[in-house]
Amino acid sequence: KAKKIGLEGVIPINIRAAAPQSCQLGLSKEGHIISLTRVGFIKPKAMMRSLTADDYVKYCFDSNEIIWDAMQRSCEQNGRLMGVVQVLDLAGLGMKHMDKAFINGYLRKAISWASERYVEYVYRTLII
């Protein structure tokens, strides 16, 4: 079960309307988790109005823990270290995503946090 850190009342319900859309698609032939993230669906201005950078990191934590738990189950079933095949769909990505406050405040913090927490998490990244 994914670890929860008590986000009730912290993250507004409409976060999903502003955050990137992510989902698990299943397993690769080798047993790696396949995850799709639709980066172009991020709405930087709406996100900055809805929550703080720290709240966004907490949201990312919950999302990543769900994938992490699925990856752990896959490792146990396959008897070897498994990772995530990350598919990044860049459709819709444009200049609106280049907001300095969003990049420096939200993305930098989330990426820094994730790279410390999920070392060697990604097996392969595909960009479409």
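Cut-offs applied
Residues numbered from 1 in each chain as written. Predicted model: local features only at pLDDT ≥ 70, side-chain atom pairs only at ≥ 80, totals over all residues. Heavy atoms only, no water. Helix = DSSP H or I, 4+ residues; strand = E, 2+ residues; numbered from the N terminus. Contact = heavy atoms within 4.5 Å. Areas by Shrake-Rupley, 256 points an atom, 1.4 Å probe, with all protein chains shown as cover. Phe/Tyr/Trp six-rings, centres within 6.5 Å; stacked < 30°, edge-to-face > 60°. Pairing = 2+ DSSP bridges. Axes fitted to C-alpha atoms, helices over the stretch in contact; angles between N-to-C directions.

## Description of the overall build of the protein chain
At step 1: Helix and strand content of the protein chain: four helices and four strands.
At step 2: Counting from the amino terminus, helix and strand elements in the protein chain follow one another as α-β-β-α-α-β-α-β.
At step 3: For the protein chain, the share of sequence-separated contacts (at least 6 apart) that also reach a separation of at least 24 residues comes to 81%.
At step 4: Carbon and sulfur atoms make up 58% of the accessible area of the protein chain, which amounts to about 7800 Å² in all.

## A word on the packing of aromatic side chains
For any pair of aromatic rings, the description consists of the separation of the ring centres together with the inter-plane angle of the planes.
At step 1: One pass over the structure, following the stated rule, counts four aromatic pairs.
At step 2: When the centroid spacing of 6.3 Å and the interplanar angle of 50° are considered together, the rings of Tyr-56 and Tyr-106 count as tilted. Taken together, the positions of Tyr-56 in helix H3 (residues 53–78) and Tyr-106 in helix H4 (residues 100–117) put the pair 50 residues apart, joining distant regions of the chain.
At step 3: Ring geometry for Trp-68 versus Tyr-121: centroids 5.9 Å apart, planes at 15°, classification stacked.

## Observations concerning the sheet that holds strand S4 (residues 122–127)
At step 1: Taking strand neighbours across the sheet as the criterion, the four strands line up as S1-S2-S3-S4 in an open arrangement whose pairing is mixed. Each end of this open sheet is capped by a strand with a single partner; those strands are strand S1 (21–27) and S4. Going from strand to strand, the sheet's axes swing by 20° on average, the running direction of each strand aside.
At step 2: Here S1 pairs with strand S2 (residues 33–38) via six bridges, running antiparallel. In the strand pairing of S2, Leu-27 is matched with Ile-33.
At step 3: Across the sheet, H3 touches S1, S2 and strand S3 (84–89), and the angle it forms with S2 is around 160°.

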